[in-house]
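Now for the letters of each chain:
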Amino acid sequence: MNRYEGRRVLITGGGSGIGQASVHRILSEGGRVHAVDVNEEGLKATAGQAAAAGHADRLTTAVLDISDEAAVKAGVAAAVDALTGMDVLVNAAGILRSAHTHQTTLDFWNKVIAVNLTGTFLMIRESLPALLAGDQPVVVNFSSTSATFAHPYMTAYAASKGGIQSMTHALAAEYSKQGLRFVSVAPGSIESGMTTGNGPGLPEDTDWSLFAKLAPALGQGFAGPQTVAGVVAMLGSEDGAFITGTEIRIDGGTHY
């Protein structure tokens, strides 16, 4: 498939997990990608993998902290220059932190909100002029099953992802007449840097009985990040042309 031939795509969180998988999927379909991440080593790995696959000429990378307004302004401007425009923005960057809510500090709360929710907003705001001048423009945001299903110890994370989901609906309505689509994906039961090992940082005294269901109904366990990347690629392509203002849950049936 060459659904992305000639399309210019900016992807945050491109140094690991689902963001990295989305970079490679869209490159494999002919797209030009500018990947950003706060982790420089992760971006180097992404670039190395792209080179090995023969896609180095269509990938540029840059270190970017999406929670820093000044950095986002400069970073998006650099991305638009590198891509000579923008058709698709994929907001995959995010952090997952867990704690008992009564032990959650304001700094902890603010950090999660700053990266996940405010960072997504800043990326969208700064990208809007380029997207509105783009070809069949699309923004793919990252919500989570935590936005609508009970995941204890994740109050800040759930609030940030619920905000992204609501923001996606509002933006879809605001820019619909200008042909700009906004959609979000809600991954769950996906193996990524945020979920493997002790990535979520769950408390040592976690009460697992509070989780309604842990195992997906499909497959033999958690799916890989490429599972979500395939959906992201569809949504940002012409195959998703009639999808806007909604979210797509990708969890293998963990939450019915």
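First things first, this report covers the structure right here in the doc. Everything numeric here is computed off the predicted structure, so don't read it as measured data. (Residues numbered from 1 in each chain as written. Predicted model: local features only at pLDDT ≥ 70, side-chain atom pairs only at ≥ 80, totals over all residues. Heavy atoms only, no water.)

1. Some details on the overall build of the protein chain
Looking only at helices and strands, the protein chain features six helices and seven strands. Rg of the C-alpha trace for the protein chain: 17 Å, near the compact-globule value of 18 Å for 256 residues, within the 12% margin. Its C-alpha atoms put the protein chain at 50 × 35 × 35 Å along the principal axes. Within the protein chain, residue pairs in contact and separated by at least 24 positions form 77% of the contacts whose partners lie at least 6 positions apart. If you sum the accessible surface of the protein chain, you get close to 11,300 Å²; carbon and sulfur atoms cover 55% of it. Measuring between centres, the 16 positive side-chain charges of the protein chain sit 5 Å from its 23 negative side-chain charges. (Helix = DSSP H or I, 4+ residues; strand = E, 2+ residues; numbered from the N terminus. Rg over C-alpha atoms; globule rule 2.2 N^0.38 Å. Contact = heavy atoms within 4.5 Å. Areas by Shrake-Rupley, 256 points an atom, 1.4 Å probe, with all protein chains shown as cover. Lys, Arg positive; Asp, Glu negative; His and termini not counted. Charge placed at Lys NZ, Arg CZ, Asp CG, Glu CD.)

2. Brief notes about helix 5 (residues 155-175)
Along its 21 residues, helix 5 runs 30 Å from first to last C-alpha, staying within 8% of the 30 Å computed at 1.5 Å per residue. Among the residues of helix 5, those classed as buried are A156, Y157, S160, K161, I164, Q165, M167, T168, L171, A172 and Y175. Each element contacted by the buried residues of helix 5 is listed here: helix 4 (106-132), strand 5 (138-142), strand 6 (181-187) and strand 7 (246-250). (Expected span 1.5 Å × (residues − 1). Buried < 20%, exposed > 50% of the residue type's maximum accessible area, 1.4 Å probe, protein only.)

3. Re the packing of aromatic side chains
Tallying each qualifying case throughout the model produces three aromatic pairs. By way of ring pairs, the aromatic residues Y153, W208 and F211 are connected into one cluster. (Phe/Tyr/Trp six-rings, centres within 6.5 Å; stacked < 30°, edge-to-face > 60°.)

4. Remarks on helix 1 (residues 17-28)
Each full turn of the α-helix corresponds to 3.6 residues, which orients residues three or four apart in the same direction. Between its first and last C-alpha, helix 1 extends 17 Å over twelve residues, near the 16 Å set by a 1.5 Å rise per residue. Across the twelve residues that make up helix 1, a large majority, nine, are buried. Following helix 1 by one or two positions, G30 has its phi on the positive side, about 95°.

5. Examining the side chain of K161
Examined against the element boundaries, K161 turns out to sit in helix 5. Buried charge without a partner: K161 forms no salt bridge, and the closest opposite charge is E247, 13 Å away. In terms of polar contacts, K161 uses its side chain to reach the backbone carbonyl oxygen of F142, at 3.0 Å. When sequence neighbours within four positions are dropped, the list of residues in contact with K161 reads N116, F142, S143, S144 and A147. (Salt bridge = Lys/Arg side-chain N within 4 Å of Asp/Glu carboxyl O. Polar contact = N/O pair within 3.5 Å; in protein donor to acceptor, adjacent residues only side chain to side chain.)

6. Regarding the sheet that holds strand 2 (residues 32-37)
In spatial order, the strands read 3-2-1-4-5-6-7; together these seven strands make up an open sheet with parallel pairing. In this open sheet, the two edge strands, each paired with only one partner strand, are strand 3 (59-63) and strand 7. Sheet twist, expressed as the average angle between the axes of neighbouring strands with direction ignored, equals 15°. The strands touched by helix 1 are strand 1 (8-12), strand 2, strand 3, strand 5 and strand 6; relative to strand 1, the strand with the most contacts, the crossing angle is about 165°. Sheet contacts for helix 6 (residues 225-235): strand 4 (88-91), strand 5, strand 6 and strand 7; angle to strand 6, the most-contacted strand, approximately 170°. (Pairing = 2+ DSSP bridges. Axes fitted to C-alpha atoms, helices over the stretch in contact; angles between N-to-C directions.)

7. Things to note about the nonpolar core
Counting residues in each nonpolar core, the largest one holds 28 residues, and the members touching the most others are L10, L89, M123, I124 and F182. Elements represented by at least two residues in this core include exactly helix 3 (69-83), helix 4 and helix 5. Dropping the residues within four chain positions of it, M123 is found in contact with L10, T12, L64, I66, V72, V76, L89 and N91. Formed by 27 residues, the second largest nonpolar core is a distinct cluster that contains I18, V33, L59 and V183. (Core = buried A, V, L, I, M, F, W, Y, C linked by side-chain atoms within 4.5 Å.)

8. Digging into the environment of L89
Topologically, L89 is positioned in strand 4. Spatially, the C-alpha atom of L89 lies 8.4 Å from that of M123, the residues being 34 residues apart in sequence. Excluding its chain neighbours within four sequence positions, the residues that come into contact with L89 are L10, M123, I124, S127, L131, V138, V139 and V140.

9. Here's the deal with the pairing of strand 4
Going residue by residue along strand 4, you find V88 and V90 tucked away on one face and L89 and N91 tucked away on the opposite face as well. Of the pairings in the sheet, the one linking strand 1 to strand 4 comprises four bridges and is parallel in character. Pairing of T12 across the sheet is with N91, part of strand 4. Alignment of strand 4 against strand 5, held across four bridges, turns out to be parallel. In the sheet register, V88 faces strand 5, and the bridge partner there is V138. In this fold, strand 4 hands off to helix 4, which returns the chain to strand 5; that crossover is right-handed. (Right-handed = clockwise from strand over helix to strand, strands pointing away.)

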